[in-house]
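Spelled out, the chains give:
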Amino acid sequence: MKRFVYIISLFIGLALTATAEIEKPNVIVFYVDDLGWQDVQVNDLDDPCPYETPNIVRLAEQGMNFTQGYSPAPTCSPSRAGIITGQHPAKLGLTHVHLGWMRSASKRDRLVPPYLESHLNLDALTIADAMKRNGYRTGHSGKWHVGLTSASYGFDVVDQDRGIHRGMDDRTKDFATKDDKKYPLSKEKYPPYSDEKPEGISYPYDQVTESALSFMKENGDEPFFLNLCHWMVHWPVLTRNAELLEFYCDKMGQPFPPKPGDMTLPGQQNPYFAAMVTSVDWSLGRVVDFLKQTDDPRHPGKKLIETTYIFFTSDNGGAEVRGPEVISDNYPLKYGKKYAEEGGIRVPLVVAGPGISSGTKFDGLVNQLDFFPTILELTDSSVSSEDQKELSGLDISPLLTGQSYTIVDEAGVEREHLFWHFPHNGDVSKKSAIRSGDFKLYKRYATNDYELYRLYKDGKRYDLEEKHDLAKNPEFSSVVEQLGATLEKELIANNAIPPYLNPDYEKKTTKSAAIKSIKFNSSSHKAKLVVRDSGPAITEAYVIYSRKPGTAKKKDKQSTKKDGSELFGMKIPAKISSNGYVVSAIVPSEIPAVAFVLIDANGYQIYSDIEIAN
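Values in this document were obtained by computation on a predicted structure and should not be read as measured data.

Visitor: Even after reading the chapter, I still don't get the environment of Val-40, so can you show me in this structure?
Guide: On the secondary structure map, Val-40 appears in the loop between strand E1 (26–32) and helix H2 (54–62). For the pair formed by Val-40 and Asn-270, sequence separation is 230 residues and the distance between their alpha carbons is 14 Å. Those residues within four positions of Val-40 in sequence are excluded, and the remaining contacts are Leu-35, Cys-49, Thr-53, Ile-56 and Pro-348.

Written as structure tokens, this is what we have:
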């Protein structure tokens, strides 16, 4: 036992020393779109993953793999907003991708989702803001998708190009060539290798990857923070790499080129999707190779790979189908993207860098919200105490560097749970969820009750497929009660907005508020809405700054604040009269039109039409 303790202490000491030697290490967040937990070769369960991801495997061998890593949400925008601010999507009021939408629901839908503002609040501190304040140069390459552009949120260098992930006229034949003006094939050869291509294959030029490499090349002697976000492996499912597609067609026993039309074979048999996964892996390999080959000007004798942390993960669980096309398969996880079940939120998550022991793994609960406080600690960066209190995640740097084998908060209390909030899409997906220990509980808004599943038993896989609902089993009533209470507490603490009743629901049994009139005076800049007093009064009201109908995609300089922040699509609390039937708001002079979103006393959400100032 003494020898064991000594060896562990030695490893911890070496890890701490390695970290201490690196002043202001660089940080890369390598973010993939829609890459599922079972779409890479580091978390294989049951049947092996057919997609070849040697660089992701190698990164896991060089660092720590989190086998139960989670995204903040089951869709893109809220996860990206969460990771960039360190705040829970529910807290941000940004819980889905439908930013700025005012859409009527189907008459068959009893519930409707809350209105989401058109972009992430500009007052929220981002990780890019924090790193800049602590002496870092910041860069963003690729997908953004939280409104406005990444330049509005603290990034010095921005390129939101789609790279090689663009639509094609015919995905069966419109491949890149060596003379292609936009996507020339590389002279260098890369994996995968085959009998036909023993030296590897060429890859098309990818602007997302090249922008990231250029940012690092041009960085000079400043520490850098790079947010590299691929548009792949999102729909459309395609590839410009003929050699790579042919490799997977051969591997999967399918003809090359594939026949036109949807790929409908079950499971993980879509060669286009396979090619996208390996293309993302190739991009990671390019980044890591650059770090290995490049000297760090701030640390003589060291390469950038020795002074850089890489956080690799995906924004949400894998997408499984798109219409008749079968994209991939998250089994044994239930469902996929757009669901709070395991398939929608459990994601690959690997962290490597100085002081992190090679080939380590952690089986506990980790969330991407942990990145923000962890990066602050690893880089010896600081934010104000007020901003620190806003962070929803926990610092996992002691775990990464071997100082601890648990994740604890500032008070030293070990993490017990994670939670999610997704009041969107159909009745099956409108849920909040909490994961604690072996159990996962769902709050179903459509039926106002709970589901309970035991994913593990004593830490070992038990019902990872979430087939057996235990919520009505008396043996687990205390678990339902305890987790339900904890979830409700988190929802309240984070101001989580639930779905509302649909005023157009064909089977509604109570009255909804009805709008009588709306006026927007251009001289006084006052917008006023009156509700009929024959129905319920208004309990919440917001004015939404809007463009004139038909000009939504046009840029109007008069509608932009002097600091460059967009006003359109943002909701501002409106004044409600004492009787609850009149709503009003004073609107900035540069806003040409407004709409109102109302919540009445019976819980219905009502949108007004857009009213132009006159």
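Visitor: Could you clarify how one ought to interpret unusual backbone geometry in this entry?
Guide: In this structure, the amide linkage connecting Pro-191 to the following residue, Pro-192, adopts the cis form with an omega of 10°. Looking at the element boundaries, Pro-192 is found in the loop between strand E6 (157–159) and helix H6 (207–217). Between Trp-235 and the following residue, Pro-236, the backbone shows a cis peptide bond with an omega angle of 5°. Positionally, Pro-236 belongs in the loop between strand E7 (224–229) and helix H7 (242–251). The phi torsion at Lys-24 lies on the positive side, around 50°, for a residue other than glycine. Its location among the elements puts Lys-24 in the loop between helix H1 (2–21) and E1.

Visitor: Looking at this structure, how should I read the sheet that holds strand E5 (residues 137–142)?
Guide: Strand pairing in a sheet relies on backbone hydrogen bonds, with the paired strands running either antiparallel or parallel. Across the sheet, 8 strands lie side by side as E6-E5-E7-E1-E8-E11-E2-E12; this open sheet has mixed pairing. One side of each edge strand has no neighbouring strand; the edge strands of this open sheet are E6 and strand E12 (360–362). The average angle at which neighbouring strand axes cross in this sheet is 10°, direction not considered. Contacting strand E2 (64–66), strand E8 (308–314) and strand E11 (349–352), H2 crosses the sheet at an angle of about 55° to E11. Relative to E1, helix H8 (residues 271–293) is tilted by about 170°, and along the sheet it contacts E1, E7 and E8.

Visitor: Even after reading the chapter, I still don't get H6, so can you show me in this structure?
Guide: Counting along an α-helix, one turn takes 3.6 residues, and residues three or four places apart therefore face a common direction. In terms of burial, H6 is a largely internal element, 8 of the 11 residues being buried. As for H6, its buried residues are in contact with E1, E5, E6, E7 and H8.

Visitor: Even after reading the chapter, I still don't get the packing of aromatic side chains, so can you show me in this structure?
Guide: One pass over the full model with this rule turns up 18 aromatic pairs. On the basis of an interplanar angle of 70° and a centroid distance of 5.4 Å, the ring pair of Tyr-51 and Phe-273 is categorised as edge-to-face. One end of the pair, Tyr-51, is in the loop between E1 and H2; the other, Phe-273, is in helix H8, with 222 residues separating them in the sequence. With a centroid separation of 5.9 Å and an interplanar angle of 80°, the aromatic rings of Trp-144 and Phe-155 are classed as edge-to-face. With a gap of 11 residues between them, Trp-144 in the loop between E5 and E6 and Phe-155 in the loop between E5 and E6 connect regions that are remote in the sequence. Each residue in the set Trp-144, Tyr-153, Phe-155 and Phe-225 is aromatic and connected to the rest through ring pairs, giving one cluster. Stacked on the ring of Trp-101, the Lys or Arg Arg-103 has its end atom at 3.5 Å from the ring centre. Cation over ring: Arg-346 sits above Trp-37, and NZ or CZ is 4.7 Å from the ring centre.

Visitor: I would appreciate a short explanation of the sheet that holds strand E16 (residues 439–444) in the present structure.
Guide: The strand order across the open sheet built from 4 strands is E14-E15-E16-E17, with neighbouring strands paired in antiparallel fashion. The sheet terminates laterally at strand E14 (418–422) and strand E17 (449–454), the two strands that pair on one side only. Taken over all neighbouring pairs, the strand axes of this sheet differ in orientation by 15° on average, direction set aside.

Visitor: When you look at the nonpolar core in this model, what are you seeing that I'm missing?
Guide: Considering soluble globular proteins, one finds that nonpolar side chains tend to be buried as a cluster. Counting 57 residues, the largest nonpolar core has Met-216, Leu-291 and Phe-312 as its most contacted members. Contributing elements (two or more residues each) for this core: E1, H2, H6, E7, H7, H8, E8 and E11. With 13 residues, H8 is the largest single contributor of residues to this core. Apart from residues no more than four positions distant in its own chain, Leu-291 is found in contact with Ile-28, Met-216, Phe-224, Lys-303, Leu-304, Ile-305, Thr-308 and Ile-310. Core analysis: the next-biggest nonpolar cluster, separate from the first, contains 43 residues, Tyr-31, Leu-99, Tyr-136 and Val-146 among them.

Definitions and limits used
- Residues numbered from 1 in each chain as written.
- Predicted model: local features only at pLDDT ≥ 70, side-chain atom pairs only at ≥ 80, totals over all residues.
- Heavy atoms only, no water.
- Helix = DSSP H or I, 4+ residues; strand = E, 2+ residues; numbered from the N terminus.
- Contact = heavy atoms within 4.5 Å.
- Pairing = 2+ DSSP bridges.
- Axes fitted to C-alpha atoms, helices over the stretch in contact; angles between N-to-C directions.
- Buried < 20%, exposed > 50% of the residue type's maximum accessible area, 1.4 Å probe, protein only.
- Phe/Tyr/Trp six-rings, centres within 6.5 Å; stacked < 30°, edge-to-face > 60°.
- Lys NZ or Arg CZ within 6 Å of the ring centre and 35° of its normal.
- Core = buried A, V, L, I, M, F, W, Y, C linked by side-chain atoms within 4.5 Å.

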